[in-house]
Amino acid sequence: PYRTLLYPYFLTAFMIWSGEPPMDQIIVGAQHLLGIVTAVCFFLAGRPVFGTRVALAGALLLTVHTTQLFYEVSILSEVFFGCVLAISLVPMTAFVARPTMRGAVMTGLFCVVLTLTRPVAAWFVVVPLVLGLGPWGLLVRGLVRRSLGEGGSLGESGAPASRKRVTIAAVMLGIYVAIMLPWSLLNQRQFNYFGVALGRGFGLFIRVFDIDRLEPPPDTRLPEVRKMLEHGVATQLSPATFVRDELSRHHYSAAQADELMAQFALETAGRHPWTFAANSVKQWAIQLGGALQDEAICSSAQGPWVVPQR
């Protein structure tokens, strides 16, 4: 219940033949190819907006970024998600420049694929919706059209009439909801959880207690979770992992445990709002401006590999 569909299907295309080495290295090799596709599509999406030189520089920097290098050799969904995102940016850039019904269909479908790859994309559909059809997209559309040599001022929208904009938006959102709603209802029926995937509480718990190390309130509404957290900290384990496992041992379902962790983390963050906000800005800055150099090199039987500070 923690995962979505598409990356497991990607792995199945390999694991159906063999679950033994060297299939793991074959998967890593496929992920290297995904990295190449990501860079190419990143360039193709950026060229209409920023020009050839800037787009090429960005694509080349992406290929040597520590995080990208790390994920390409890790059997995780990040590289697959990054590749799908880069591919989707190509038609989405065209959609933002000139919204059409066909572009709305393509954008809606890509947003579905992204969400079913990693739940972090659940609200990504708002981005092309606002940039392509909202007033904030005027500048973006003007930049793209100018780069494409279509002329016009930066304020020129290139957008369809109001009624058509509403229709285009309805088509895009309708496709997204028509596919994601049944999936959420299936999760509700099987796991008693309405949503794309579990893990919201676990991820927030990691942020609040593993990274920020905020002090939970003494008068918490969830003393059982607090006790588990204190024991996890005392044993020098990952508090989030320890609490999740403890809740499972106390016969909570995966959905119940995740909800309890989310409530406790939100309660704690609410007691330290300014610290939590400042640390959020700090985390975003680290991720957006991440260092290009290798942070560390770890060794294993298969040889050295890159470990980013992130």
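What you see is a predicted model, and the numbers here were worked out from it, not measured in a lab.

Colleague: How would you explain the overall build of the chain if you had to name every residue and give the values?
Modeller: A tally of helices and strands in the chain yields 14 helices and two strands. When each of the 310 residues of the chain is scored for burial, the buried share is 39%. Here the chain displays about 17,500 Å² of accessible surface, and carbon together with sulfur accounts for 66% of that area.

Colleague: Now, about the packing of helix α7 (residues 126-133) against helix α9 (residues 162-191): what can you tell me, with residues and values included?
Modeller: Between α7 and α9, the shortest axis-to-axis distance is 11 Å and the interhelical angle comes to 170 degrees. Classified by the interaxial angle, the pair formed by α7 and α9 is roughly antiparallel. Crossing of α7 over α9 shows right-handed handedness. Note on element contacts: α9 touches α7 through Arg165, Ile168, Ala169, Met172 and Leu173, opposite Pro128, Leu129 and Leu133. Among the residues forming the contact of α7 with α9, the class breakdown is seven nonpolar, no polar and one charged.

Colleague: Go over the side chain of threonine 107 with me, naming the residues and quoting the values.
Modeller: Topologically, threonine 107 is positioned in helix α6 (residues 101-117). Overall, threonine 107 belongs to the buried group, its relative accessible area being 1%. Excluding anything up to four places from it in sequence, threonine 107 contacts Met92, Phe95, Pro128 and Met172.

Reading the values: rules and limits
- Residues numbered from 1 in each chain as written.
- Predicted model: local features only at pLDDT ≥ 70, side-chain atom pairs only at ≥ 80, totals over all residues.
- Heavy atoms only, no water.
- Helix = DSSP H or I, 4+ residues; strand = E, 2+ residues; numbered from the N terminus.
- Buried < 20%, exposed > 50% of the residue type's maximum accessible area, 1.4 Å probe, protein only.
- Areas by Shrake-Rupley, 256 points an atom, 1.4 Å probe, with all protein chains shown as cover.
- Axes fitted to C-alpha atoms, helices over the stretch in contact; angles between N-to-C directions.
- Parallel < 35°, antiparallel > 145°, perpendicular 65-115°, else oblique.
- Left-handed = near helix turned anticlockwise from the far one by under 90°.
- Contact = heavy atoms within 4.5 Å.
- Nonpolar A, V, L, I, M, F, W, Y, C, P; charged D, E, K, R; others polar.

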